[in-house]
Amino acid sequence: MDNQTLPLSPNQILLRGCSLKNTEFIVGAVIFTGHETKVMMNSMNVPSKRSTLERKLDKLILTLFGTLFTMCLIGAIGSGVFIDRKYYFLGLGKSVEDQFNPNNRFLVALLTMLTLLTLYSTIIPISLYVSIEMIKFIQSTQFINKDLNMYHAETDTPALARTSNLNEELGQVEYIFSDKTGTLTRNLMEFFKCSIGGEIYGTGMTEIERGIAERRGIKVQEVQASNNPIREKGFNFDDVRLMRGAWRNEPNPDACKEFFRCLAICHTVLPEGDESPEKIKYQAASPDEAALVLAAKHFGFFFYRRTPTMIYVRESHVERMGKIQDVSYEILNVLEFNSTRKRQSVVCRYPDGRLVLYSKGADTVIYERLAGGSDALKNVTREHLEQFGSAGLRTLCLAYRDLAPDMYESWNEKFIQAKSSLRDREKKLDEVAELIEKDLILIGATAIEDKLQEGVPNCIETLSRAGIKIWVLTGDKMETAINIAYACNLLNNEMKQFIISSETDAIRAVEERGDQVEIAHFIKEEVKKQLKKCLDEAQQYFHTVSGPKLALIIDGKCLMYALDPSLRITLLTLSLNCSSVVCCRVSPLQKAQVTSLVKKGARKITLSIGDGANDVSMIQAAHIGVGISGLEGMQAVMASDFAVAQFRFLNDLLLVHGRWSYLRLCKVVMYFFYKNLTFTLTQFWFTFNTGFSGQRFYDDWFQSLYNVIFTALPVIMVGLFDKDVSSSLSKKYPELYKEGTRNMFFKWKVVAIWAFFAVYQSLVFFHFVTVSSSASQGSSGKMFGLWDVSTMAFTCVVVTVNLRLLMICNSITRWHYISVGGSILAWFLFIFIYSGIMTPHDRQENIFWVIYVLMSTPYFYITLLLVPVAALVGDFLYLGVQRWFFPYDYQIVQEIHKDEADDSGRSDLLEIGNQLTPDEARSYAISQLPREISKHTGFAFDSPGYESFFASQLGIYAPQKAWDVARRASMRSKPKTNKKN
């Protein structure tokens, strides 16, 4: 292993040649156990993902292959029928080669089909894949990675596209699965409140509590802070009853002492720096642990040193006020925390020989292992936990147990055996831990605050307006998750909430009896009843015109049974009809199962976002994985497809970059399909005039360079720079995003329309040119030959398809002009040189001096003017009618803002700037400096019928009627008055 500095807990460090307690497997001088092992297990290779557009593109290519085969089959059958010796001028004598031998028509047809396969092969857009990959790569590296709107100045973290395969997939997301801690919240844990011996300590009020009070119309008064409140990052506690030794005067001083010692001893934190309270730094596996140890320090139990077998704590005010003493505790065993156990325990020996097991973990697992009795304390503490959860705080229960020496020695032998086992070590360790983690005595509970990230509520509201449904999958308590969901606008009081919880009196009564088979059967039946009841009630709302939005809240224990194959369909049906879903107390595996359920069951495009190693499976299970580069390492980022620093950046990633990428790539694919089909069909029509002989219409070099040079660059410019509306308008009208989720621009209907105009234009090119050239002649008086006609037709094709590209552009920049003009100019430069350097003695004498002969006649200029106009007039009329009578939502927004500048105005800058930090606001201002401004925003067809668009923003379907559109279009607009200087 390379020499690297890794954050390891003491039981994860080995001296070469000798192992310490609780180690697992020697690798050189360092091992990984416990939490780090789980992280390493999650560090798998990112699965290969393909976008939905690419999979549909494969079907389109197969369709083109089918079209190619059909065209070749028609030509082959035609050649077999046409070939006959009665056409004496063909010279089909007895010694003719097999390809033209009328005596073997089947062989003639077969060989002709192979010839036509080569001739018509240009219908398959091979260069399309190269162009798409180039466009996606530039979009990722130059647009997404360098977007200042997604740059987090505080951590100096830009957005990162780790793959370019899924750019357009970002524009079609329908479901977002989000972790809570570190994703919606900041993951900056602060010790805020606690419950000790049935008494709540801590006087602060969280943001969630303020929000609840405001929703209930209660005026919140600021709580008066103490005279000398202690403030440190990770500690935001204020209650004079516990500070500076005042806990000795409380009714439960012994419980307080055990509480503080549990905080100071039960952890795997490493101290760093000077052993003084002001300078010491703690390195912890999670911010929660650091906050708990920090709290112990401020309560007078200062953990300052650690060795492989000892923990040193400087205790104040224990024996009497003002006395400070250093106490060493021998650490005998550490039972690591993991996502299955949901708890951590430490066996320690006091200096006086007392053996104690300290344990901390989720309330559900700690309460199951408490000793009998003390029901009053248990009930009061449970109420306190619910209060903390309602305030949006993260809770842990603390408990302890005194151990008899004989019992401990017997248990330790089993622990050592399990530790040295080579098979099922984790399972055996968990089983051994169960033997000692029982008959615990409840000490109290901690409550840690994790504040929401900036802009999360606005971001979720915007994404909801875009038609995206957001699910929160968290390991926190139900009360905490619900109130976080309220705080970030995921839930509101107007929603009908379906709550499926295992925390009911009936389930608790069965759990107290302890029969696991009975518990499993009872909970499954209860979940089945609840799901059916909720689904029946939800269906009643479906039939109402203006029913409320629905929300589902379910905990992990119920979710485990709801994911059973017999109940999965019911869960999926109910969930898909809910605007919001909150899953509480879920494991990493359940997160991935829920994501896969929607991905495979509903066949909707999903996005998962998280920040920790426990989110890796969920990130990899979704179509798109987004990692938050937060405080829990880089595991989520390394497993993701895209990485951002804050949740709010999803607005720009999806509504701007995702939507633009989808629109651009749809146009690129459709244009490639159109131009290749148009070009190939002119050759196909020519086949009917040549007796299906396979005679080529175009010169070989024309056919080879058509996709590579003459039409290659303009379509790439569209894929990079085309914009229907600006980024600010994309976020101002998030409803525009729904066009992507409905796949409005890559349907078979759209393909059929492009194919229709390709057929029409190919007929125009071939018949207009061939018919008009039959009565024309060159300056020498000779009639135009095959290569004169084909060169004229090819010139019309190149000019027309490049001009057609400009008609599909929503914004035209100088790069569009340069690429289109350059492509047409490249054709003329090529044909001038190519036809000029050939001599009649060369092999390519067929195109000798062709372009010079053509350009010396008026026929060339008249044809070059009229044929593209005739070919494009159908497209022009179709686009006009579509924009006037059946406009897309983005076209309506274009008309609303057609007199405005291309990008964000000053008001937009101020609006967005209010949501950013000062550094981010300055970065955003820099991004708004003048740049290339579009001189074209679509055709100037006024598009009335805005009512349907604004109705859709309110969730009301109001289809346009053609006569209303025509009536409004006939109304004269008011004359504009000149603005005064």
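Residues numbered from 1 in each chain as written. Predicted model: local features only at pLDDT ≥ 70, side-chain atom pairs only at ≥ 80, totals over all residues. Heavy atoms only, no water.

What follows concerns the overall build of the protein chain. Summing up its helical and strand segments, the protein chain has 35 helices and 20 strands in all. The buried share of the protein chain, reckoned over its 981 residues, is 54%. Intrachain contacts of the protein chain at a sequence separation of at least 6 include 74% that bridge at least 24 residues. For the protein chain, the exposed surface amounts to about 44,800 Å²; the carbon and sulfur share of it is 57%. (Helix = DSSP H or I, 4+ residues; strand = E, 2+ residues; numbered from the N terminus. Buried < 20%, exposed > 50% of the residue type's maximum accessible area, 1.4 Å probe, protein only. Contact = heavy atoms within 4.5 Å. Areas by Shrake-Rupley, 256 points an atom, 1.4 Å probe, with all protein chains shown as cover.)

This part takes up the UniProt feature "active site" (unreviewed entry) in the protein chain. Per the UniProt record, "active site" (unreviewed entry) is found at Asp-179. By secondary structure assignment, the location of Asp-179 is in the loop between strand 2 (175-178) and strand 3 (190-196). Classification of Asp-179 as buried rests on a relative accessible area of 5%. When near neighbours in sequence (up to four residues on either side) are disregarded, Asp-179 contacts Leu-184, Leu-473, Lys-591, Ile-609, Gly-610, Asp-611, Asp-615 and Met-618. A distance of 3.2 Å separates a polar atom in the side chain of Asp-179 from a polar atom in the side chain of Lys-591. (UniProt positions renumbered as here; feature names shortened; annotations may be inferred. Polar contact = N/O pair within 3.5 Å; in protein donor to acceptor, adjacent residues only side chain to side chain.)

What follows concerns the pattern of salt bridges. Enumeration according to the criterion identifies 42 salt bridges in this entry. Across the pair Asp-402 and Arg-354 runs a salt bridge whose closest N-O atoms are separated by 2.7 Å. One end of the pair, Asp-402, is in strand 12 (residues 394-403); the other, Arg-354, is in the loop between strand 10 (343-349) and strand 11 (355-361), with 48 residues separating them in the sequence. Judged by relative accessible area, Asp-402 falls into the partly exposed class, the value being 40%. Note on Arg-354: relative accessible area 23%, which makes it partly exposed. A salt bridge links Asp-363 to Lys-477; the shortest N-O distance between them is 3.1 Å. Taken as a pair, Asp-363 in helix 8 (residues 363-367) and Lys-477 in the loop between strand 14 (469-473) and helix 13 (478-487) lie far apart in primary sequence, 114 residues in all. Residue Asp-363 shares its accessibility class with Lys-477, and that shared class is buried. (Salt bridge = Lys/Arg side-chain N within 4 Å of Asp/Glu carboxyl O.)

Now for unusual backbone geometry. Not every positive phi belongs to a glycine, and Asp-156 is a case in point at roughly 55°. Topologically, Asp-156 is positioned in the loop between helix 4 (126-144) and strand 1 (160-161). The exposed category is assigned to Asp-156, whose relative accessible area is 54%. Positive phi, normally seen in glycine, also occurs at Arg-244, with a value near 55°. Tracing the sequence through the fold places Arg-244 in the loop between helix 5 (207-215) and helix 6 (253-265).

The next point concerns the pairing of strand 17 (residues 580-584). Summarising burial for strand 17: five of the five residues are buried, a large majority. In strand 17, alternate side chains face the same way, and those of Ser-580, Val-582 and Cys-584 on one face and Val-581 and Cys-583 on the other are all buried. As paired strands, strand 14 and strand 17 are joined by four bridges and run parallel to one another. Along strand 17, the bridge assignment pairs Leu-473 with Cys-583. When strand 16 (residues 550-555) meets strand 17, the two strands line up parallel, connected through five bridges. (Pairing = 2+ DSSP bridges.)

Before going further, it helps to spend a moment on the sheet that holds strand 4 (residues 199-201). Sheet architecture is open: nine strands sit in the order 4-3-13-12-11-10-9-8-7, paired in antiparallel fashion. At either margin of the open sheet sits one strand with a lone partner, and together these are strand 4 and strand 7 (301-306). Between one strand axis and the next, the sheet turns through 30° on average, direction left out of account. Judged from the seven bridges that link them, strand 8 (residues 310-316) and strand 9 (residues 324-335) form a sheet pairing that is antiparallel. Paired with Tyr-312 across the two strands is Ser-328, which belongs to strand 9. Helix 7 (residues 287-298) rests against strand 3, strand 7, strand 10, strand 11, strand 12 and strand 13 (441-449) of the sheet, and its axis sits at about 120° to strand 7. Sitting on the sheet, helix 11 (residues 425-436) is in contact with strand 9, strand 10, strand 11 and strand 12, with an inclination near 70° to strand 12. (Axes fitted to C-alpha atoms, helices over the stretch in contact; angles between N-to-C directions.)

An ideal rise of 1.5 Å per residue puts 21 Å on 15 residues; helix 18 (residues 588-602) measures up with 21 Å between its terminal C-alpha atoms. Those residues of helix 18 not exposed but buried are Pro-588, Gln-590, Lys-591, Ala-592, Val-594, Thr-595, Leu-597, Val-598 and Ala-602. Contacts from the buried residues of helix 18 go to strand 2, strand 14, helix 16 (556-562), helix 17 (568-576), strand 18 (606-610) and helix 19 (616-621). Just beyond helix 18, the residue with positive phi is Arg-603, at close to 55°. (Expected span 1.5 Å × (residues − 1).)

Below, the discussion takes up a nonpolar patch on the surface. Together, Phe-69, Leu-73, Ile-77 and Val-81 make up a nonpolar patch on the protein surface, roughly 390 Å² of accessible area in all. When you line up the elements, Phe-69 lands in helix 2 (residues 52-82). Taking relative accessible area as the criterion, Phe-69 reaches 47% and is therefore assigned partly exposed. (Patch = residues over 30% accessible without salt bridge, like charges linked within 9 Å, V, L, I, M, F, W, Y side chains within 5 Å.)

On to the sheet that holds strand 20 (residues 642-644). Ordered in space as 1-20-19-18-2-14-17-16-15, the nine strands form an open sheet in which the pairing is mixed. The sheet is open, and its two borders are formed by strand 1 and strand 15 (496-500), each paired with just one other strand. Where strand 1 and strand 20 come together, two bridges link them in antiparallel fashion. Bridging from a neighbouring strand, Ala-161 pairs with Phe-642 of strand 20. Set on the sheet, helix 21 (residues 650-687) makes contact with strand 2, strand 18, strand 19 (624-628) and strand 20; between it and strand 18 the angle comes to about 160°.

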